[in-house]
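Fold and geometry: a report
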Amino acid sequence: MSQEQTVSLVDVLEEDEELEEEASAVLAGSDSDHCSYPQGYVKRQALYACSSCTPKGGEAAGVCLACSYKCHEGHNLFELYTKRNFRCDCGNRKFTDLQCKLQLEKEEVNSLNKYSQNFFGVYCTCSRPYPDPDDQVEDEMIQCVLCEDWLHGRHLGCVVPDSVELHEMTCESCMNKTSFLWTYAAHLSVPGAAVQLKEESEADESNRNLPHKEETVEEVIEPSCKRSREEAEPSCRLKELQAIDQKRVQSGAVFWPSGWRSKLCSCTTCKERLSEAGLSFLLDESDTVLAYENKGKNNEQRQPGHDPLMSALDHLNHVQQLEIIHGYNDMKTELKDFLQRFAEDGKVSLELNIYIDFS
């Protein structure tokens, strides 16, 4: 018995708190009471796919957070985390036997929504479910910032950097579809995530020293007529990077550091290029998942009395809800304070039975 691995209740409570914070960051940025359909194509929101209503082989569809609670309770749902520019499908033509309880009038189809294999519960280049009952390898799933599919770390074709939650990732498939991003990757991507070309690593140091860069700048600004045009129009940052001709292996996924979007060129030509590729959102810092999560955390802070438990107790009357919520919060606070005294003892193992009287 003494050799058995034990987990302290402090560990359980701390892990529960971490999971609760993660869930709050995702869910608190979306409305859990009202269908998001009237808002149109929402910039970013938590989404779900219901395999009970739209099984594999049918049309892909996504529902908002509120509809997952109110209209699809007890159904088999796939959690899609967040998606951008999506309008809730709940109750439209794709749901032949279900009408949205929160928003009765909806168009037959949301033509601007984008769907992927995720809406049928499979992910990555391996097209497997997550969690995968047949996969015993522990691996994290990372979302591509462009296609928003989730990929296993081992299937990215590159080294996954530390603190990956602070970076954005673009999968190899999306990089190849938007080849100009490889130029940015050579200069802006997270160091060490990909191996640089051998030619670059063996290049003469003089090819990358300061005098050489000054020489290039002189060539650019030498003609007076060009100088006047540059004063009137901002220069193209992408062309400047292409002129440097820094090499990088063009394979595998690319990880981007925080703030990389602000370094993308926003000249007229590049804006048009991003728009044609459907990537205008890359110039918007508030489009990031991190910005969305921070918004959710701020919403939680503005509602100090809110707890996710309330959503699970909607079937109780107001008095019962208040009694249980207050009791639960008091118990959790007091229990954690008490057990924190034993935090240094990693072998504290307790069996806790909690009985709640709903009568």
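The shown structure was predicted, so the numbers you read here are calculated from the model rather than taken from an experiment. Along each chain, residues carry numbers from 1 onward, in the same order as the chain's sequence is written. With pLDDT at 70 or above as the cut-off, local features in this predicted model cover only qualifying residues; side-chain atom pairs require 80 or more to be listed or tallied, and sums for whole chains, interfaces and linings still use all residues. Computation of side-chain values covers all heavy atoms of the structure but excludes hydrogens and water.

**As for the state of the cysteines**
Disulfides are defined as pairs of cysteine sulfur atoms found within 2.5 Å of each other. Inspection of every chain in the model, using the stated rule, returns 0 disulfides. In this structure Cys35 is a free cysteine whose sulfur lies 3.7 Å from that of Cys67, the closest cysteine sulfur available. For each residue, the accessible area found with a 1.4 Å probe, counting protein chains only, is set against the maximum for its type, and the residue is called buried under 20%, exposed over 50%, and partly exposed in between. We classify Cys35 as buried; its relative accessible area is 6%. Looking at the unpaired Cys265, the closest cysteine sulfur is the one in Cys267, lying at 3.4 Å.

**Re the side chain of Ser51**
Elements are defined by DSSP. Helices are runs of H or I of four residues or more, strands are runs of E of two residues or more, and each kind is numbered from the N terminus. Relative to the helices and strands, Ser51 resides in the loop between strand S1 (42-50) and strand S2 (63-64). Polar side-chain contacts of Ser51 include one of 2.8 Å to the side chain of Asn76. The contact definition used throughout considers only heavy atoms, calling two residues in contact when any of these lie within 4.5 Å. Aside from chain neighbours lying at most four places away, what touches Ser51 is Asn76 and Phe78. Pairs of N or O atoms within 3.5 Å make up the polar contacts considered here, provided that, within protein, one atom can donate a hydrogen while the other can accept it, and that residues adjacent in sequence are counted only when both atoms are side-chain atoms.

**Side note on the confidence of the model for the protein chain**
The predicted model of the protein chain has a mean per-residue pLDDT of 80, with 68% of residues at 70 or higher. One confidence number per residue, pLDDT, is output by the predictor and ranges from 0 to 100. Note that residues 195-222 has pLDDT below 50 and, in this model, 19 contacts with residues that lie over four places away or in other chains. Overall, residues 346-359 carries pLDDT values under 50, and its contacts beyond four positions in sequence, including any with other chains, amount to 16 contacts.

**Side note on unusual backbone geometry**
Omega for the peptide link from Tyr130 to Pro131 comes to -5°, which places this bond in the cis form. With respect to the helices and strands, the residue Pro131 is situated in the loop between strand S3 (77-86) and strand S4 (141-143). For Asn85, which is not glycine, the phi dihedral falls at a positive 50°. Positionally, Asn85 belongs in strand S3. Judged by relative accessible area, which is 39%, Asn85 ranks as partly exposed. A positive phi is found at Ser127, a non-glycine position, where the angle reads about 50°. For Ser127, the location among the structural elements is in the loop between S3 and S4. Using a relative accessible area of 37% as the deciding quantity, one classes Ser127 as partly exposed.

**Observations concerning the nonpolar core**
If you look at the biggest cluster of nonpolar residues, it comprises 50 residues, and the most contacted ones within it are Leu146, Leu156, Met169, Tyr184, Phe255, Trp256 and Leu282. Tallying contributions element by element places helix H4 (residues 181-188) first for this core, with 5 residues. With near-sequence residues (within four places) excluded, Leu146 lies in contact with Arg84, Thr170, Cys174, Thr178, Leu181, Leu279, Phe281 and Leu282. Grouping buried Ala, Val, Leu, Ile, Met, Phe, Trp, Tyr and Cys residues that are joined through side-chain atoms within 4.5 Å yields what is termed a nonpolar core. One finds Ala61, Cys90, Phe95 and Leu98 within the second-largest nonpolar core, a separate group that totals 15 residues.

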